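Each chain is listed here by its residues.
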Amino acid sequence: MSIFSKKTQMVLALLFCTGAASAEEIRPGCYERVYSDAHLAGQPAQVVSEIRFYVGEWLTEVARRGALEVIAANQGHARRDDNAGRVMTQFLFCGSETDETVCQVECDGGSLFVTRQTGDSLTFRTRYLLVGNSEECGGQMDLAEVPGQWVSYRLNRVSTSVCEGM
């Protein structure tokens, strides 16, 4: 018997269908970005003031455990929806068995696509990715500044101790 629910197994099957991978494997590590007041002032729609992304151990043969932790900015739809300053998290399944390196939220809570990964940083983009707890499946706040429009986040590699407990 699997430790994953049927819904989780269906998500994994859709994301990581069999076949040769054409994307680079997502490498484990801890990534973080704390945005300056100046950066946020120049990006008034940005909804994140701090973000941490952890890519961990293998959960299946094709998916690693991923975790996001964000502190919502006091601007954009984060402010409008009274999320400013809130710490929100999200669990992800990360793999590269499709044509892109993707991390997916269960329950159609969105996804992120890793567009670049070096020894020093990781960049991802999303146009829909929910974080935070809500009464419904998925999450509370979308990382996309404008629903359906791509936004990118470049994070710096940091010590794994920064992501401890995620």
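Presented here is a report on the structure given in the accompanying data block. On a predicted model such as this, the values are computed, not experimentally measured, just so you know. (Residues numbered from 1 in each chain as written. Predicted model: local features only at pLDDT ≥ 70, side-chain atom pairs only at ≥ 80, totals over all residues. Heavy atoms only, no water.)

1. Observations regarding the overall build of the protein chain
At step 1: Across its full length, the protein chain carries three helices and nine strands.
At step 2: The proportion of buried residues among the 166 residues of the protein chain is 46%.
At step 3: In the protein chain, once contacts between residues fewer than 6 apart in sequence are set aside, the share between residues at least 24 apart is 58%. (Helix = DSSP H or I, 4+ residues; strand = E, 2+ residues; numbered from the N terminus. Buried < 20%, exposed > 50% of the residue type's maximum accessible area, 1.4 Å probe, protein only. Contact = heavy atoms within 4.5 Å.)

2. Considerations on the packing of aromatic side chains
At step 1: Counted by the stated rule, this structure contains four aromatic pairs.
At step 2: An angle of 90 degrees between the planes, with centres 5.1 Å apart, marks the rings of Phe-91 and Phe-93 as edge-to-face.
At step 3: On the basis of relative accessibility, which here comes to 2%, the residue Phe-93 falls in the buried class.
At step 4: Here the aromatic residues Phe-53, Phe-124 and Tyr-153 are joined through ring pairs into a cluster of three or more.
At step 5: For the cation-ring pair, Arg-125 lies above Trp-150, with the distance from its terminal atom to the ring centre recorded as 3.7 Å. (Phe/Tyr/Trp six-rings, centres within 6.5 Å; stacked < 30°, edge-to-face > 60°. Lys NZ or Arg CZ within 6 Å of the ring centre and 35° of its normal.)

3. Thoughts on the pairing of strand 2 (residues 48-58)
At step 1: Burial within strand 2 is extensive, with eight of its eleven residues counted as buried.
At step 2: Sheet analysis places strand 1 (residues 29-34) next to strand 2, joined by six bridges and oriented antiparallel. From the neighbouring strand, Glu-32 faces strand 2, where its bridge partner is Arg-52.
At step 3: Bridge count between strand 2 and strand 3 (residues 64-72): eight bridges; the pairing is antiparallel. Its bridge partner lying in strand 3, Tyr-54 is registered against Ala-67.
At step 4: Adjacent in sequence and paired antiparallel, strand 2 and strand 3 are bridged by five residues. (Pairing = 2+ DSSP bridges.)

4. Digging into the pairing of strand 3
At step 1: A large share of strand 3 lies buried, amounting to seven of its nine residues.
At step 2: Summarising the sheet, strand 3 and strand 4 (residues 87-95) pair through eight bridges and their orientation is antiparallel. Bridge pairing in strand 4 places Leu-68 opposite Gln-90.

5. Section: the state of the cysteines
At step 1: For the coordinates displayed, the defined rule picks out two disulfides.
At step 2: A sulfur-sulfur separation of 2.0 Å characterises the disulfide bridge that pairs Cys-30 with Cys-163. Sign of the S-S torsion, about 80 degrees for the bond between Cys-30 and Cys-163, identifies this disulfide as right-handed. In this pair, Cys-30 is assigned in strand 1 and Cys-163 in the segment after strand 9 (151-158), connecting sequence segments 133 residues apart.
At step 3: Through a disulfide, Cys-94 is tied to Cys-103; the S-S separation comes to 2.1 Å. Negative torsions about the S-S bond denote left-handed disulfides, and the value of about 115 degrees found for Cys-94 with Cys-103 makes this one right-handed. Like Cys-94, the residue Cys-103 is buried in the burial classification. (Disulfide = S-S within 2.5 Å.)

6. A look at the side chain of Thr-123
At step 1: Of note, Thr-123 is situated in strand 7 (residues 121-131).
At step 2: Discounting chain neighbours no more than four positions away, the residues touching Thr-123 are Phe-113, Val-114, Thr-115, Arg-116, Tyr-153 and Arg-154.

7. Quick notes on the environment of Asn-133
At step 1: By secondary structure assignment, the location of Asn-133 is in the loop between strand 7 and strand 8 (141-142).
At step 2: Here Asn-133 falls in the exposed class, since its relative accessible area comes to 67%.
At step 3: When the C-alpha atoms of Asn-133 and Gln-90 are compared, they prove to be 8.1 Å apart, with 43 residues separating the residues in sequence.

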